[in-house]
Amino acid sequence: MDFALNAEHELIQEAAHKFGQSVVVPTVKELDRTHTSDPTTLKKMGEAGLLGVCLPQKHGGMGADYIALGIVCEELERADSTARVVMSVHTGLHSMTLMQWGTAEQQARWLPTLATGAAIGAFGLTEPNAGSDVMGMTTTAERVGDHYVLNGQKTWISLADYADRFLVVAKLAGGDAKARHAAFVVERSAPGFSSRAIKGKLGVRAGNTGEIFFDNLKVPVTDRIGEEGDGFKVAMSALDHGRYTVAAGAVGLIQACLDASLTYAKDRKVQGDPIANKQLVQQMIASMVQGREIGRLLYQKVGWMKNSGQRHTKEVSMAKWVNCAAAFDAANKAVEIHGAYGYCDEFPVERYMRNARGAMIYEGTHEIHTLVQAEYELGYRTDKPLAKTLPTWPFEP
Ligand code: CAA
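We now turn to the structure provided with this report. (Residues numbered from 1 in each chain as written. Predicted model: local features only at pLDDT ≥ 70, side-chain atom pairs only at ≥ 80, totals over all residues. Heavy atoms only, no water.)

1. Let's talk about the overall build of the protein
The secondary structure content of the protein amounts to 10 helices and 10 strands. Taken over the C-alpha trace, the protein has a radius of gyration of 21 Å; the compact-globule value for 397 residues is 21 Å, and the two agree within 12%. With respect to the three principal axes, the spread of C-alpha positions in the protein is 80 × 45 × 45 Å. Expressed as a percentage of the 397 residues in the protein, the buried residues total 53%. Across the protein, the fraction of contacts at a sequence separation of at least 24, relative to all contacts at a separation of at least 6, is 75%. When the accessible surface of the protein is totalled, it reaches about 17400 Å², and 55% of it is carbon and sulfur. Distance from the positive charge centre (42 side chains) to the negative charge centre (45 side chains) of the protein: 2 Å. (Helix = DSSP H or I, 4+ residues; strand = E, 2+ residues; numbered from the N terminus. Rg over C-alpha atoms; globule rule 2.2 N^0.38 Å. Buried < 20%, exposed > 50% of the residue type's maximum accessible area, 1.4 Å probe, protein only. Contact = heavy atoms within 4.5 Å. Areas by Shrake-Rupley, 256 points an atom, 1.4 Å probe, with all protein chains shown as cover. Lys, Arg positive; Asp, Glu negative; His and termini not counted. Charge placed at Lys NZ, Arg CZ, Asp CG, Glu CD.)

The structure is reproduced here in structure tokens:
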């Protein structure tokens, strides 16, 4: 077992850190305050090579391993949760799912533009009445000749107003119980597509989130991902990748809480003594450090499992569940350390707390992951090896 980062990881960490601190941090406070998303951030990430970090070089990516992706997510979320959210959606939920499920032709067609950010990818699963209950979706896909006709609506879609393509899952019209769902890549430019932003979010205010609508939208059969009946599995494996990026990002958020809290606690004096010297403050700092260290071990284990092609649905659920709860706890403690200053946006910690709360809901609620972990332990849930896995690392040339 080797816990050290290699030279490539360190270079990628440095690049992602520089990107986060120089491109993301300077504008985030104002974007968050005004609920404005900046679509150029993703393009800049693409130019910096961050969107293709774990995509094979033959598809225009950097060809680094999946741990490198986690490191990028950590550094992006240390700068701002929204920056990591768009990475999770574009690379985790969209590009990596195409790496796992797409045909060679589909990968050659789509991955190069996704690796550079020339095209932006997103994911459409949740519906107004189907969140945790994925199977409850009502969006339909009906096969008509050489295409499918999609009708329905998806909600809580990151990048709804900006993405060029959406990986969506729909219920097959007339499908039997075994072949009920299929996944498709839907182009924004397709007639019958529309989107609408969701306003008034508690957190991730610098990110675009919305609804997308399909009105007799035609998708060529060649843009179906997997076979008819694979839709649920495609969705769940997308979440295996998305949850990994969320778990890694949560560690970055804990680090951001520490960055802010250490500075504040050393500066702020009570009766001439920095509050950093108070044991109750130190207790909160130690608790954040605990969350960061446990969280990093949990997500990097998943990165290692991804590298070697092992199924990791249980482990990634654990990492997402534990790390997001630890990040929210760290942000709450960071607010506590800042006292009244933590309650306004002069300091970043109130934003960290609002953003951390969202991660306990998206990509599987805290309750879903709690139940899933109990079911594994009770033997009610077991994972079989998957027929289709991500390419193992190192990638084939
Ligand atoms: N990869 C591939 N296949 C998988 C899989 C995976 N990760 N997980 C399950 N499957 C397969 C299973 O092997 C099984 O196949 P067989 O029938 O051939 O054995 C089939 O799918 C059904 O699996 P389960 O029995 O595990 O399914 P379930 O009904 O018990 O799952 C659940 C229940 C775990 C609660 C699941 O519905 C779930 O995770 N819900 C939460 C959904 C969620 O996270 N939504 C977030 C939306 S996206 C988002 O938040 C992003 C955003 O907005 C930005």
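2. Some words on the pattern of salt bridges
Under the definition given, this model contains 20 salt bridges. Residue Asp345 is joined to Arg33 by a salt bridge in which the shortest nitrogen-to-oxygen separation is 2.6 Å. Highlighted residues: Asp345 in the loop between α8 (313-338) and α9 (349-359) and Arg33 in helix α1 (residues 7-33), separated in sequence by 312 residues. Two residues, Glu77 and Arg84, come together in a salt bridge whose shortest N-O distance is 2.6 Å. (Salt bridge = Lys/Arg side-chain N within 4 Å of Asp/Glu carboxyl O.)

3. Describing the state of the cysteines
Think of a disulfide as a covalent bridge from one cysteine sulfur atom to another cysteine sulfur atom. This structure, assessed with the given rule, holds 0 disulfides. In this structure Cys344 is a free cysteine whose sulfur lies 16 Å from that of Cys257, the closest cysteine sulfur available. (Disulfide = S-S within 2.5 Å.)

4. With respect to the site of the ligand
Taken together, 26 residues are adjacent to the ligand, and Asp240, Arg243, Glu363, Gly364 and Arg381 come closest. Arg381 has a polar side-chain atom sitting 2.7 Å from an oxygen atom of the ligand. Protein chains shield 74% of the accessible area of the ligand, which is 1100 Å² for the free molecule. For the shell around the ligand, the secondary structure elements donating two or more residues are α4 (81-101), β3 (147-158), α6 (231-267) and α10 (366-378). Considering every element that reaches the shell around the ligand, the biggest residue donor is α6, with 7 residues. When grouped by side-chain class, the residues that make up the shell around the ligand number 12 nonpolar, 7 polar and 7 charged. (Near = heavy atom within 4 Å. Polar contact = N/O pair within 3.5 Å; in protein donor to acceptor, adjacent residues only side chain to side chain. Nonpolar A, V, L, I, M, F, W, Y, C, P; charged D, E, K, R; others polar.)

5. Concerning the pairing of strand β5 (residues 181-187)
Burial analysis of β5 places 6 of its 7 residues in the buried class, the great majority of the element. By the bridge criterion, 7 bridges tie strand β4 (residues 165-172) to β5 in an arrangement that is antiparallel. Note on β5: the bridge partner recorded for Val168 is Phe184. (Pairing = 2+ DSSP bridges.)

6. With respect to the environment of Ala48
By secondary structure assignment, the location of Ala48 is in the loop between α2 (40-47) and α3 (66-79). A residue is classified by how much of its surface remains accessible, and Ala48, at 40% relative accessible area, is partly exposed.

7. A few points about the packing of aromatic side chains
Applying the stated criterion to the full structure yields 8 aromatic pairs. With centroids separated by 5.9 Å and ring planes inclined at 80°, the aromatic side chains of Tyr66 and Phe395 adopt a geometry described as edge-to-face. One end of the pair, Tyr66, is in helix α3; the other, Phe395, is in the segment after α10, with 329 residues separating them in the sequence. Look at Phe395 and you get buried, because its relative accessible area is 15%. An aromatic cluster is built from Phe166, Phe193 and Phe214, whose rings are joined through pairwise contacts. Arg109 extends its terminal NZ or CZ atom over the ring of Trp110, reaching a point 4.4 Å from the ring centre. (Phe/Tyr/Trp six-rings, centres within 6.5 Å; stacked < 30°, edge-to-face > 60°. Lys NZ or Arg CZ within 6 Å of the ring centre and 35° of its normal.)

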